[in-house]
Amino acid sequence: MHRTASIRGSFIVLAIILTILSVGILYYGVYPHIPILLAAIVTATYGLIVKQPWQDLEQHMIRAISHGIIPMLILLLIGMLIGVWALNGTIQTMTSYGLNLLSPTFFLAATVVIVAIISTMVGSSLSSIGTVGVSFMGMAYGMDIDPAMTAGAIVSGAIFGDKLSPLSDTTNLAAATAR
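Residues numbered from 1 in each chain as written. Predicted model: local features only at pLDDT ≥ 70, side-chain atom pairs only at ≥ 80, totals over all residues. Heavy atoms only, no water.

Draft legend 1. Region of the structure containing helix H2 (residues 33-49). If you check H2, its first and last C-alpha atoms are 24 Å apart, about what 17 residues at 1.5 Å a residue would give, namely 24 Å. All of the buried residues along H2 are Pro35, Ala39, Ala44, Tyr46 and Gly47. Elements that come into contact with the buried residues of H2 comprise helix H1 (7-27) and helix H3 (54-66). Count one or two residues on from H2 and you reach Lys51, which has phi positive near 65 degrees. (Helix = DSSP H or I, 4+ residues; strand = E, 2+ residues; numbered from the N terminus. Expected span 1.5 Å × (residues − 1). Buried < 20%, exposed > 50% of the residue type's maximum accessible area, 1.4 Å probe, protein only. Contact = heavy atoms within 4.5 Å.)

Draft legend 2. Layout of the layout of surface pockets. Counted as a void, the largest pocket has a volume near 330 Å³. Residue lining of the largest pocket: 17 residues in total, with Ala40, Thr43, Ala44, Gly47 and Leu57 positioned closest to the centre. For the lining of the largest pocket, the secondary structure elements donating two or more residues are H1, H2 and H3. A total of seven residues in the lining of the largest pocket trace back to one element, the largest contributor, which is H2. Split into classes, the residues belonging to the lining of the largest pocket amount to 12 nonpolar, five polar and no charged. (1 Å grid on protein atoms, 1.4 Å probe; cavity = no way out; pocket = protein on both sides within 12 Å on 5 of 7 lines; lining within 4 Å. Points joined across faces, edges and corners; volume = space filled by probe spheres on them. Nonpolar A, V, L, I, M, F, W, Y, C, P; charged D, E, K, R; others polar.)

Draft legend 3. Highlighting the packing of aromatic side chains. Per the stated rule, a full pass over the model turns up two aromatic pairs. Considering the side-chain rings of Tyr27 and Tyr28, the 4.9 Å spacing of their centres and the 80 degrees angle between planes classify their relative orientation as edge-to-face. Tyr28 carries the same exposure label as Tyr27, and that label is exposed. (Phe/Tyr/Trp six-rings, centres within 6.5 Å; stacked < 30°, edge-to-face > 60°.)

Draft legend 4. Quick peek at the pattern of salt bridges. In the structure shown here, the tally under the stated rule is one salt bridge. Salt-bridge contacts for Asp162 lead to Lys163; the nearest nitrogen and oxygen are separated by 3.3 Å. (Salt bridge = Lys/Arg side-chain N within 4 Å of Asp/Glu carboxyl O.)

Laid out in structure tokens, this is it:
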């Protein structure tokens, strides 16, 4: 026999979870993995205290996690892409070619267009900013172009391309969360 959680008990658990997350992340400055794990343990413990069967808790966890699996895999691939491009010299090569091919007169417009194309193909504004964006910032310094304007052009192109892409991590996460 199981009983339902009370509103008071749920708010106490919520306060404990927020305290764990706040103190761990903001005060101690640790990565969020451990505070999130502790919060999950507190939640599971409360579920067992109110006599919820472990199988029910497990099913609810699986259902909640399943909505975010695709975006998590996309974010994992984004991290791999940034690492591979940085390690094999792609970013440095793009910077070198960009300095030779692009003119300072149309540099910002070209930045928006090129980053938007890359972001659409890759499906991520984050990976575009972390790879092509770094390259364009290097080109901007080499051409003596305002770094703030360049950063704006990079972010504008990345967000524009990300929203057009069917592979977009943020768009897929929003759709998966909203079902």
